[in-house]
Amino acid sequence: MTSPTRQPRIPANDHGVIEGVPALGEWTPRLSVSVVIPTSGSRGTLPLALAGLAAQTYPRHLLEVIVVDDGEQPMLRLPEIRPERTRLIRPKDGRWGKPHACNLGASTAEGDVVHWLDDDLVLFPDHVEAQMRWHHLADYLVVLGHPRFVGPDPSELSPNEVLAAAEAGAVAKLFHEEDSTPQWTEKRWNRTSDLRTAGVDAFSVHVGATSSLPAALFRAVGGMDESLMLGEDTELGYRLAQAGAVFVPDRAARAWHLGRSTVTGREPEVKRHNWPYLGERVPTFRWLRKTPGRGYRVPYVEVVVDARGASLEEVRATVDGALGSWTPDVSVRITGPWSRLGDGRRVPLDDPDLDLRLISAGYEGDARVTFTEDLPESCFPIPFRFHCPAGWVPGQDALGRLIAFADRNALGVLSLALEERDEVVHARLERTAALSRARLVADPGEDLDDVVHEVFGTLWDVGEKWGVVRSESATTVSPETLQAELEKCRARSLVLQDRANRWRRQATRGHATRTRWRHASRRVARVLMRRVARPVMRRVARPVGLRMPWAAPGRGRL
């Protein structure tokens, strides 16, 4: 199999459009892979993992293994049963943790692809080959393995047994499938056709127990966040998604995971630990950002306002409108020729750069606002960028509605026509992941928006429909006004609740009255039967000798 001359253009996360995925054992690999295993050596499972790697079907000259010993006490030596090209390294300067171990291993890796592997996995012989076949088809794929959890005592299994089973093709028989537990991500795979329909949220099932990605892509996103001790794989997956990656689960990349999952056994504790960290770093996890008025490490949307040729009033209206959005985690970038604002002598009111100077002075103390002359190509890792011309104001709900619409329709770019002059004045919402993907697959000189339309989708609409209007037409609702309206609603709800209670009491009394009338009517009927109907029937029945139904035997006949 040869390298593709043109990268496949995968829409959203629908990797099913990739053609020519080879069957295992029926292709010729060419890319090298570095398997990085962070370990502390505490469980004693590393020899079993290395034994499984020693019998992989992937060519040995293309496979290297880097064991990063992160334990407090260094391991004495590597076990005898291991792949030929296996190295052992240790962190320096007292640094520790799985993210640092992974970064250290990746920094010394020589392979084209980095393959993460936990030290408690026993791989099937074609595990590495199954993942690597995808990387020969596109260089922006993140491939996920398919482990199942088993709970034996590692001492009950020896490296020799693992190696013998791998060479005999009998790794599946080491444990009973019916006694194993699938990884929690498998439910998501099943619901989304192996993540093909997962869209922009596919990254949320990125688990580092066994996964692989191009080494260049890992370096491009900045490696793992070493401030995270748990949840680092999810956060890395988020940044990979913003860089344009596609996530591919491969059910043929099988493995036995020795021991139960930490997430399954202590899920509430794991969430309590991880959510404060992920809430700061993963803005698309909206349920972690419910507090209004908060600032976060990674904003949800960056609003870009160009101050060139604009007045203070125009820029201030646009910036204040963005910062007053009901979407709380918004940052603003104001572009302009800020370098020419020197401290030299000037006439304050006749300064030719007076508006620029006033704009700078008006927002220099707001941490949410930054000033730049040249706009960076991408706002990575911020997931959205909104370009808004000065003098136009997005309504308080505009950004939230635009992003929700773009998510529902998997749009990469949503452009809003605002006004027609010599050219159309427009605002523009960009999805970082879509533009990153387009840059990865675009041909030289190709229009980027055309590529975005292929891989995600683009749309033009009218800005007024979404509440983006001229500054003189903009209206805002202050917190005080909202509080007053809330108090009115609360008072009205109390009135309606009292009215509902009164009607409920009336209905209860009506039900009691109806019950009394029904019982009274039954009593009247019995009295009429006893005092009127029975005597009449006796008089009618006596001449013809009829027996009345209430008469005793032997009576009632003349």
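About the thresholds
Residues numbered from 1 in each chain as written. Predicted model: local features only at pLDDT ≥ 70, side-chain atom pairs only at ≥ 80, totals over all residues. Heavy atoms only, no water. pLDDT = per-residue confidence, 0-100. Helix = DSSP H or I, 4+ residues; strand = E, 2+ residues; numbered from the N terminus. Axes fitted to C-alpha atoms, helices over the stretch in contact; angles between N-to-C directions. Parallel < 35°, antiparallel > 145°, perpendicular 65-115°, else oblique. Left-handed = near helix turned anticlockwise from the far one by under 90°. Contact = heavy atoms within 4.5 Å. Nonpolar A, V, L, I, M, F, W, Y, C, P; charged D, E, K, R; others polar. Buried < 20%, exposed > 50% of the residue type's maximum accessible area, 1.4 Å probe, protein only. Arc of directions from axis to C-beta. Polar contact = N/O pair within 3.5 Å; in protein donor to acceptor, adjacent residues only side chain to side chain. Core = buried A, V, L, I, M, F, W, Y, C linked by side-chain atoms within 4.5 Å. Phe/Tyr/Trp six-rings, centres within 6.5 Å; stacked < 30°, edge-to-face > 60°. Pairing = 2+ DSSP bridges. Salt bridge = Lys/Arg side-chain N within 4 Å of Asp/Glu carboxyl O.

A. Spotlight on the confidence of the model for the chain. Of the residues in the chain, 92% reach a pLDDT of 70 or more, and the chain-wide mean stands at 89. Averaged pLDDT values for the elements of the chain fall to 69 in helix α8 (residues 262-265) and rise to 98 in strand β13 (residues 384-387).

B. Summary view of the packing of helix α1 (residues 46-54) against helix α4 (residues 159-167). Contact pair α1 / α4: the axes reach a minimum separation of 8 Å and the direction vectors enclose 25 degrees. Of the possible angle classes, the one that applies to α1 and α4 is roughly parallel. As α1 runs across α4, the sense of the crossing is right-handed. Contacts from Pro-47, Leu-48, Ala-51, Gly-52 and Ala-54 in α1 reach Pro-159, Val-162 and Leu-163 in α4. Looking at the contact of α1 with α4 residue by residue, the classes come out as 7 nonpolar, 1 polar and no charged.

C. Spatial organisation of helix α11 (residues 354-363). Buried within α11 we find Leu-356, Arg-357, Ile-359 and Tyr-363. Axial view of α11: buried residues confined to an arc of 160 degrees, hence all on one face. On the buried face of α11, the contacting elements are α10 (312-323), β11 (330-335) and β12 (369-372).

D. Representation of the side chain of Gln-131. Tracing the backbone through its elements, the reader meets Gln-131 in helix α3 (residues 127-135). The class for Gln-131 is buried, based on a relative accessible area of 0%. A polar side-chain atom of Gln-131 sits 3.2 Å from a polar atom in the side chain of His-127. One polar contact links Gln-131 to Ser-212, side chain to side chain, over a distance of 2.7 Å. Gln-131 has contacts with His-115, Val-143, Leu-144, Gly-145, Thr-210, Ser-211, Ser-212 and Ala-253, leaving out every residue within four places of it along the chain.

E. Molecular detail of the nonpolar core. Membership of the largest hydrophobic core comes to 39 residues, with the highest contact counts inside it found for Val-315, Val-319, Val-332, Ile-334 and Phe-386. With residues up to four places along the chain from it excluded, the contact list for Ile-334 reads Val-305, Ala-307, Val-315, Val-319, Ile-359, Tyr-363, Val-369, Thr-370, Phe-371 and Thr-372. With 38 residues, the next largest nonpolar core counts Val-114, Ala-202, Phe-203 and Val-205 among its residues.

F. Expanded view of the packing of aromatic side chains. Enumeration over the complete set of coordinates arrives at 10 aromatic pairs. Ring geometry for Trp-27 and Tyr-58: centres 6.4 Å apart, planes at 50 degrees, overall tilted. Residue Trp-27 is found in the segment before β1 (33-39), and its partner Tyr-58 is found in the loop between α1 and β2 (63-69); the two are separated by 31 residues along the sequence. Across the pair, Tyr-58 and Trp-27 agree in class, each one buried. Aromatic side chains Trp-116 and Phe-218 sit 5.1 Å apart centroid to centroid with 70 degrees between the ring planes, which places their arrangement in the edge-to-face category.

G. Representation of the pairing of β12 in the model. The pairing of β11 with β12 spans 4 bridges and is classified as parallel. Note on β12: the bridge partner recorded for Ile-334 is Phe-371.

H. Just the sheet that holds strand β16 (residues 424-431), in detail. Spatial strand order, β12-β11-β10-β13-β16-β15-β17: 7 strands in an open sheet with mixed pairing. Only two strands of the sheet have a single neighbouring strand rather than two, namely β12 and β17 (458-462). Each adjacent strand pair in this sheet contributes to an overall mean axis angle of 20 degrees, direction not counted.

I. Quick peek at the pattern of salt bridges. Taken as a whole and judged by the stated rule, the model has 37 salt bridges. A salt bridge links Asp-69 to Arg-90, with the nearest nitrogen and oxygen atoms 3.0 Å apart. Taken together, the residues span a long stretch of sequence, with Asp-69 in strand β2 and Arg-90 in the loop between β3 (86-89) and α2 (98-108) at a distance of 21 residues. Given a relative accessible area of 0%, Asp-69 falls into the buried group. Several salt bridges share partner residues, and in doing so they unite Arg-148, Glu-177, Glu-186, Asp-194 and Arg-251 into one network.

J. Geometry of the environment of Thr-86. Positionally, Thr-86 belongs in strand β3. Each C-alpha atom of the pair Thr-86 and Leu-230 lies 27 Å from the other, and the pair is 144 residues apart in sequence. Apart from the residues lying within four places of it in its own chain, the contact partners of Thr-86 are Val-65, Val-67 and Leu-78. There is a polar contact of 2.8 Å between the side chain of Thr-86 and the backbone oxygen of Pro-83.

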